[in-house]
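Residue-level structure breakdown
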Amino acid sequence: MTTDDRVSAVYDQDVSELYELFYAGRGQDFAADGGILAEVILDRYPGADSVLDVGCGTGSHLQSLAKRFGEVAGVELSESMCALARARLGGAPVHQGDMRDFDLGRTFGAVCCLTSTIGYSRDTAELEGAVRTMARHLEPGGVLVIDPYWTPGNFLDGHVGHDVVRDESRTVARLSTSTRTGTSVRHEAHYLVADAGGIRHLTHVQPLTLFTHEEYLTALEHAGCAAEHLRRDGGFVHRGLFVGVRRG
């Protein structure tokens, strides 16, 4: 993946504004997600009272987590996503940065990386670098939670997705397809957005990578964490969560 590929994969203003509508329309419950995350974190580190969400998007998960933890913060690469998250979260800090190399100069009780954001790592070296960066932001005993992308064993090559979602002013139709070359995936989505101003066509292409369970667990171990794959049914955890607890 070239630098240009990375830039084109970042959510721009138009697609950012559709993100939450689309996922909520598909039935994603951000509040329920936050409850699951809080349970996973506090079961392993009852003293956790601060959470950093890496790849926080529009801040919906952080909004839910803020009801359960005393302090929340976000890191997000997309400038337009950062703006939407800041508006949603009020005073909570949202830093523009890359999951592979950000440095906030402090630690948190928990760090999470959700909605398959980790899949933007283009190889195991970048995967391990991103996990190390996140783990460096953990207190001793802190919890790192990764919501993974598909693995080579469960990815459906050529899968076509189709959804129609609505709110009070817009109807959005989305068609997407994912194609695989080795462990690299090209996910291409086309949006038709209809509102009082007419119909617009948006395109968003994302290069992603398939990693095995063993590669996720190894990355966590190499980052100084005790690692596990937590399997749960339903909701946003249908692929399971990779969880690391930072050793003291």
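Keep in mind it's a predicted model, so treat the numbers as computed, not measured. (Residues numbered from 1 in each chain as written. Predicted model: local features only at pLDDT ≥ 70, side-chain atom pairs only at ≥ 80, totals over all residues. Heavy atoms only, no water.)

Moving on, we come to the sheet that holds strand E9 (residues 198-209). For sheets, the rule is that strands pair by backbone hydrogen bonds, running either parallel or antiparallel. Pairing in this open sheet of 4 strands is antiparallel, and the strands run E6-E7-E8-E9 from one edge to the other. Each having just a single partner strand, strand E6 (159-166) and E9 make up the two edges of the open sheet. Averaged over all pairs of adjacent strands, the angle between strand axes in this sheet comes to 15°, irrespective of strand direction. Both strand E8 (residues 184-195) and E9 contribute to a ladder of 12 bridges, which runs antiparallel. For Ala189, the partnering residue across the bridge sits in E9 and is His204. (Pairing = 2+ DSSP bridges. Helix = DSSP H or I, 4+ residues; strand = E, 2+ residues; numbered from the N terminus. Axes fitted to C-alpha atoms, helices over the stretch in contact; angles between N-to-C directions.)

On to the side chain of Ser121, then. With respect to the helices and strands, the residue Ser121 is situated in the loop between strand E4 (108-113) and helix H6 (124-135). The exposure class assigned to Ser121 is buried, which follows from its relative accessible area of 0%. A distance of 3.1 Å separates a polar side-chain atom of Ser121 from the backbone oxygen of Ile118. When near neighbours in sequence (up to four residues on either side) are disregarded, Ser121 contacts Met99, Arg100, Glu126, Leu127, Ala130, Thr209 and Phe211. (Buried < 20%, exposed > 50% of the residue type's maximum accessible area, 1.4 Å probe, protein only. Polar contact = N/O pair within 3.5 Å; in protein donor to acceptor, adjacent residues only side chain to side chain. Contact = heavy atoms within 4.5 Å.)

This part is about the confidence of the model for the chain. Averaged over all residues, the pLDDT of the chain equals 91, while 94% of them reach at least 70. Here residues 1-8 is modelled with pLDDT under 50, and outside its nearest four sequence neighbours on either side it reaches 12 contacts, counting other chains as well. (pLDDT = per-residue confidence, 0-100.)

Turning next to the nonpolar core. Residues Leu52, Ile118, Val131, Met134 and Leu144 are the most contacted members of the largest nonpolar core, which totals 31 residues. Among the elements of the structure, strand E1 (50-54), strand E2 (71-76), E4, H6, strand E5 (138-146) and helix H7 (213-222) are those that each provide at least two residues to this core. Sorting elements by how many residues they give to this core places H6 first, with 5 residues. Filtering out sequence-adjacent residues up to four positions away, Met134 remains in contact with Val54, Phe102, Val111, Cys113, Ile118 and Leu144. (Core = buried A, V, L, I, M, F, W, Y, C linked by side-chain atoms within 4.5 Å.)

Using the criterion set out here, one finds 5 aromatic pairs in the structure. Here the aromatic rings of Phe22 and Tyr23 are separated by 5.0 Å at their centres, their planes lie at 75°, and the arrangement is edge-to-face. Phe22 sits in the buried class, given a relative accessible area of 3%. Ring plane angle 25° and centroid distance 4.6 Å describe the contact between Tyr216 and Phe242, whose orientation is recorded as stacked. Of this pair, Tyr216 sits in helix H7 while Phe242 is found in strand E11 (residues 241-246), placing the two residues 26 residues apart along the sequence. An identical accessibility class is assigned to Tyr216 and Phe242; each is buried. (Phe/Tyr/Trp six-rings, centres within 6.5 Å; stacked < 30°, edge-to-face > 60°.)

Position of His201 among the secondary structure elements: in strand E9. Sequence separation of His201 and His162 is 39 residues, and the distance between their C-alpha atoms is 15 Å. Side chain to side chain, His201 and His190 meet in a polar contact 2.8 Å long.

The full count for this structure, using the stated rule, is 10 salt bridges. Between Arg44 and Glu228 there is a salt bridge, and its shortest N-O distance comes to 2.7 Å. Within this pair, whereas Arg44 is found in helix H3 (residues 30-44), its partner Glu228 is found in strand E10 (residues 225-230), the two being separated by 184 residues in sequence. Overall, Glu228 belongs to the partly exposed group, its relative accessible area being 31%. Bridged by salt links that share partners, the residues Asp98, Arg100, Arg122 and Glu126 form one connected network. (Salt bridge = Lys/Arg side-chain N within 4 Å of Asp/Glu carboxyl O.)

Considering the arrangement of structural elements, one finds Glu188 in strand E8. In this structure, the C-alpha to C-alpha distance between Glu188 and Ile118, residues 70 residues apart in sequence, is 18 Å. Not counting the four nearest positions on each side in its chain, Glu188 is found in contact with Leu175, Ser176, Thr177, Thr203, His204 and Val205. Polar contacts involving the side chain of Glu188 include one to the side chain of His190, which spans 2.5 Å.

Attention now goes to unusual backbone geometry. Phi angles above zero are rare outside glycine, and Thr115 is one such case at about 50°. Inspection of the secondary structure assignment puts Thr115 in the loop between E4 and H6. Owing to a relative accessible area of 28%, Thr115 belongs among the partly exposed residues under this scheme. Unusually for a residue other than glycine, Ser116 sits at a positive phi of about 65°. Of note, Ser116 is situated in the loop between E4 and H6.

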